[in-house]
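Next come the chains, spelled out residue by residue.
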Amino acid sequence: MLGTFPPASKRWCFEWYYPNFQNDMWRIFGYLFFADKMHFVDTENKTFRLAMIKSFLAEKGIAIFDTALQIRRTKNTASDKDLEIVQPSDLDAMLKSLPDCKGVLTAGQLATDIFMRHYSIKEMPKMGQSAEFVFDGRPMKLYRMPSSSRAYPMQLEKKAEFYRVMFDELI
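Please read these numbers as outputs of a predicted model, since none were measured by experiment.

K.L.:
How would you explain the pattern of salt bridges if you had to name every residue and give the values?
P.N.:
Scanning all chains against the criterion turns up seven salt bridges. Two residues, D24 and R150, come together in a salt bridge whose shortest N-O distance is 3.1 Å. One end of the pair, D24, is in the loop between β1 (2-3) and α1 (25-34); the other, R150, is in the loop between β9 (138-145) and α5 (156-170), and 126 residues separate them in sequence. By relative accessible area, which is 6% here, D24 ends up buried. Here D82 makes a salt bridge to K81, at a shortest N to O gap of 3.5 Å. Each of D24, R27 and R150 takes part in a single network of salt bridges with overlapping partners.

K.L.:
Quick one: what's the story with the environment of L57, residue by residue and with numbers?
P.N.:
As for its placement among the helices and strands, L57 is situated in helix α2 (residues 50-60). With 28 residues separating them in the primary sequence, L57 and F29 have C-alpha atoms 9.8 Å apart. Contact partners of L57, with chain neighbours within four places excluded, come to W16, W26, F29, I62 and I64.

K.L.:
With reference to specific residues and values, describe the packing of aromatic side chains.
P.N.:
Inspection of the entire model under this criterion finds 18 aromatic pairs. Ring centres 4.9 Å apart and planes at 65° place the aromatic pair F33 and F56 in the edge-to-face group. With a gap of 23 residues between them, F33 in helix α1 and F56 in helix α2 connect regions that are remote in the sequence. Plain terms: the ring middles of F33 and F167 are 5.2 Å apart, the flat faces sit at 65° to each other, and that makes the pair edge-to-face. Here the residue F33 occupies a position in helix α1, and F167 occupies one in helix α5, the gap between them amounting to 134 residues. The class for F167 is buried, based on a relative accessible area of 8%.

Rules used throughout
Residues numbered from 1 in each chain as written. Predicted model: local features only at pLDDT ≥ 70, side-chain atom pairs only at ≥ 80, totals over all residues. Heavy atoms only, no water. Salt bridge = Lys/Arg side-chain N within 4 Å of Asp/Glu carboxyl O. Helix = DSSP H or I, 4+ residues; strand = E, 2+ residues; numbered from the N terminus. Buried < 20%, exposed > 50% of the residue type's maximum accessible area, 1.4 Å probe, protein only. Contact = heavy atoms within 4.5 Å. Phe/Tyr/Trp six-rings, centres within 6.5 Å; stacked < 30°, edge-to-face > 60°.

Written as structure tokens, this is what we have:
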């Protein structure tokens, strides 16, 4: 899974991926895999159950990283349109380190654009669909998923159904 970059740290509820309590990524995972969008949510402390999340992702073979190691915020938002990539991630090294990886999920337009440019993927997959590409001799798919941000105008359950299609193919 590749995203762009988290919001400013003042908005974080924990130090890890998708750290904003308003972001729905961990609710989407709970909904899909446990039929409970609150499965990974620590409501009392307004945070997520990080140890449970890490254990679950390791068990399922799901890796997470950012498409950029360093960004500059052009405005005081986490919106893709307000991010300038200063130092991109080494996507080739990342995929080489994951020899069993069959698919890459990008959540958000900027992450999708960066990945597509890097791997010369010509046609943008429709939301919830994939585009095939070859990396280091192995066939792979790029899955374009809706943003898990609540600013993205779609109900959590509808977003989750896009993710379900991908996970059904990969896991």
